Amino acid sequence: MDIGLGILTFGTLGFAVAFGYISARVTEKHRKTNTKKSALSRDGIAERLEAANAAAAK
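Notes on the structure in this doc start here. Worth saying up front: this structure is predicted, and the values here are computed from it rather than measured.

## Digging into the overall build of the protein chain
Working step 1: A count of helical and extended segments in the protein chain gives 2 helices and 0 strands.
Working step 2: Taken against the 2.2 N^0.38 rule, which gives 10 Å for 58 residues, the C-alpha radius of gyration of the protein chain at 22 Å runs more than 25% over that of a compact globule.
Working step 3: Structurally, the protein chain occupies a C-alpha span of about 75 × 20 × 10 Å along its principal axes.
Working step 4: Counting every position in the protein chain, which comprises 58 residues, the buried fraction comes to 2%.
Working step 5: With an accessible surface of roughly 5600 Å², the protein chain has 67% of that area assigned to carbon and sulfur atoms.
Working step 6: For the protein chain, the distance from the average position of its 9 positive side-chain charges to the average position of its 5 negative side-chain charges is 9 Å.

Take a look at the structure:
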């Protein structure tokens, strides 16, 4: 019983660590790409306003 509980505990912890690592890698990869940001974020709307102002100035 104790062995099974230990395996279950460390298996669960291992899964959580692996999931966190993979999530951090995907987030970092997405952050480094040059994609459009969400219009709901502060820097996303600033990016869109800059582009609109640059297009209007031309």
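## Some words on helix H1 (residues 2-32)
Each α-helix turn comprises 3.6 residues. Residues three or four places apart therefore point the same way.
Working step 1: Across its 31 residues, H1 extends 45 Å between first and last C-alpha, which sits within 8% of the 45 Å expected from 1.5 Å per residue.
Working step 2: Burial within H1 is sparse, with just 0 of its 31 residues counted as buried.

## Focus: the packing of aromatic side chains
Working step 1: Under the criterion given, the structure shown has 1 aromatic pair.
Working step 2: When the centroid spacing of 6.2 Å and the interplanar angle of 25° are considered together, the rings of Phe15 and Phe19 count as stacked. Placement of both Phe15 and Phe19 in helix H1 is noted, with a separation of 4 residues, approximately one turn of the helix. The two residues Phe15 and Phe19 agree in class, both being exposed.

## Concerning a nonpolar patch on the surface
Working step 1: A cluster of nonpolar side chains, namely Tyr21, Ile22 and Val26, defines an oily patch on the protein surface of about 330 Å² accessible area.
Working step 2: Mapped onto the elements, Ile22 comes out in helix H1.

Conventions used here
- Residues numbered from 1 in each chain as written.
- Predicted model: local features only at pLDDT ≥ 70, side-chain atom pairs only at ≥ 80, totals over all residues.
- Heavy atoms only, no water.
- Helix = DSSP H or I, 4+ residues; strand = E, 2+ residues; numbered from the N terminus.
- Rg over C-alpha atoms; globule rule 2.2 N^0.38 Å.
- Buried < 20%, exposed > 50% of the residue type's maximum accessible area, 1.4 Å probe, protein only.
- Areas by Shrake-Rupley, 256 points an atom, 1.4 Å probe, with all protein chains shown as cover.
- Lys, Arg positive; Asp, Glu negative; His and termini not counted.
- Charge placed at Lys NZ, Arg CZ, Asp CG, Glu CD.
- Expected span 1.5 Å × (residues − 1).
- Phe/Tyr/Trp six-rings, centres within 6.5 Å; stacked < 30°, edge-to-face > 60°.
- Patch = residues over 30% accessible without salt bridge, like charges linked within 9 Å, V, L, I, M, F, W, Y side chains within 5 Å.
- Salt bridge = Lys/Arg side-chain N within 4 Å of Asp/Glu carboxyl O.

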